[in-house]
Amino acid sequence: MSMQFRIVHTTTFAYAGPAVASYNQTRLTPLTTPDQIVAHHRIDVSPKPWTYEYKDYFGNEVTAIEVLEAHRALKVSATSTVHVDRKPGAAPVLTWDEAALPGVADRFIEFLGLPPLVAPGEELATRAKAIASSAGMPGEAAVEIARAVAEAAPADAAHQLLGALRTVGIPARYVSGYVYPGGAHSWVEWWDNGWHGIDPATGTEPGDAYVGVATGRDHTDVKPLGGIYSGPEEPVVEVSVEMTRLA
């Protein structure tokens, strides 16, 4: 069943004194894919900024924002209307030997790294290796590993799943976005002749209730809003997400 959503994602920074300059990048524009069409999107900023739009290294839509006048608050609000009609994921096709070939292992080397943010604990790494050793194909192992992470319910499930999959040689990337109902959410996609999604919170494939915004190696590549400013330390930050189903 297809779904259509209106999403309003608002971030407000309140400073103790005037900030004289602010430089930020937003990744708040939902992805347009065969399964997800962005019907409308806009970003409103107060005070009025200079903006520039571009695609980053991972293909995400980025809006750069510069505010050069003195201000005590910065408000960034992204409003999107998105139509989602996801098809069920294809069955696994790659063998373990094919996944280790340069066409996969070298091509997706960035999605096989294990920096501290995604490195799994010893128990999860051992569990992932045991699942992989008994699975006939990487895609089968990916689903079972995701279910194991969901059962363990770690605090940082998406990063834990990334690390577990990469530990056994399965390229995996982080996806930021939203899920209805609930709001802001993250999940994982792994490579098997195409990207296949799975939610480590549930161990299931994302459906029409999910709206993807950006992909990267981990959360640091897909921050909704990040940057620098000149002004008082430690602003008060408020974030709200309103996700309304339209159809």
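The paragraphs below set out a description of the structure included in this document. (Residues numbered from 1 in each chain as written. Predicted model: local features only at pLDDT ≥ 70, side-chain atom pairs only at ≥ 80, totals over all residues. Heavy atoms only, no water.)

It is worth spelling out the overall build of the chain at this point. Within the chain one finds five helices and twelve strands. For 247 residues, the compact-globule estimate of 2.2 N^0.38 gives 18 Å, and the chain sits close to it at 19 Å. Dimensions along the principal axes, computed over C-alpha positions, put the chain at roughly 60 × 40 × 35 Å. Taken over 247 residues, the chain has a buried fraction of 47%. Contacts spanning at least 24 positions in sequence make up 76% of the contacts within the chain whose residues lie at least 6 apart. A total accessible area of about 12200 Å² is found for the chain, and carbon and sulfur atoms account for 54% of it. (Helix = DSSP H or I, 4+ residues; strand = E, 2+ residues; numbered from the N terminus. Rg over C-alpha atoms; globule rule 2.2 N^0.38 Å. Buried < 20%, exposed > 50% of the residue type's maximum accessible area, 1.4 Å probe, protein only. Contact = heavy atoms within 4.5 Å. Areas by Shrake-Rupley, 256 points an atom, 1.4 Å probe, with all protein chains shown as cover.)

As summarised here, the arrangement of the four strands in space is 3-6-1-12, forming an open sheet in which the pairing is antiparallel. Two strands close off the open sheet at either side, each with one partner strand: strand 3 (36–46) and strand 12 (236–245). Looking at each pair of strands side by side, their axes are set apart by 10° on average, direction ignored. For strand 3 and strand 6 (residues 71–84), the ladder comprises ten bridges, and the chain directions are antiparallel. When the bridges of strand 6 are listed, I37 appears paired with H83. (Pairing = 2+ DSSP bridges. Axes fitted to C-alpha atoms, helices over the stretch in contact; angles between N-to-C directions.)

Along the chain, V241 falls in strand 12. For the pair formed by V241 and T12, sequence separation is 229 residues and the distance between their alpha carbons is 12 Å. Those residues within four positions of V241 in sequence are excluded, and the remaining contacts are I7, V8, H9, Y178, G183 and A184.

The next thing to look at is the sheet that holds strand 8 (residues 183–191). Spatially, the four strands line up as an open sheet ordered 9-8-7-10, and their pairing is antiparallel. In the strand order of this sheet, the two ends are held by strand 9 (195–198) and strand 10 (210–216), each with one partner. Along the sheet, successive strands turn relative to each other by an average axial angle of 35°, direction set aside. Taken together, the four bridges between strand 8 and strand 9 define a ladder with antiparallel strand orientation.

This part covers the nonpolar core. Within the largest apolar cluster, 52 residues are counted, with the highest numbers of intra-cluster contacts made by I145, L161, L165 and V211. If we ignore the near neighbours within four places in the chain, the residues touching L161 are I145, A146, V149, V188, I198 and P200. (Core = buried A, V, L, I, M, F, W, Y, C linked by side-chain atoms within 4.5 Å.)

Between helix 3 (residues 122–134) and helix 5 (residues 157–167), whose axes approach to 9 Å, the crossing angle comes to 50°. What the angle tells us is that helix 3 and helix 5 run oblique. As helix 3 packs across helix 5, the resulting crossing turns out to be right-handed. Residues L124, A125, A128 and K129 of helix 3 pack against Q160, A164 and T167 of helix 5. Grouping the amino acids of the contact of helix 3 with helix 5 by side-chain chemistry returns four nonpolar, two polar and one charged. (Parallel < 35°, antiparallel > 145°, perpendicular 65-115°, else oblique. Left-handed = near helix turned anticlockwise from the far one by under 90°. Nonpolar A, V, L, I, M, F, W, Y, C, P; charged D, E, K, R; others polar.)

Another aspect to go through is the side chain of R166. The residue R166 is located in helix 5 in this model. It turns out R166 is buried and unbridged, and the closest side chain with the opposite charge, D218, is 5.6 Å from it. Of note is the side chain of R166, whose polar atom sits 2.9 Å from the backbone oxygen of G113. Within polar-contact distance, the side chain of R166 engages the backbone oxygen of A172 at 2.9 Å. (Lys, Arg positive; Asp, Glu negative; His and termini not counted. Salt bridge = Lys/Arg side-chain N within 4 Å of Asp/Glu carboxyl O. Polar contact = N/O pair within 3.5 Å; in protein donor to acceptor, adjacent residues only side chain to side chain.)

Our next topic: the pattern of salt bridges. Enumeration according to the criterion identifies seven salt bridges in this entry. For E61, the salt bridge goes to K55, with nearest N and O atoms at 2.6 Å.

Within the fold, R173 resides in strand 7 (residues 172–179). Residue classification places R173 among the buried residues on the basis of a relative accessible area of 16%. A polar atom in the side chain of R173 sits 2.7 Å from the side chain of E189.

Geometric values such as these leave the question of function open.
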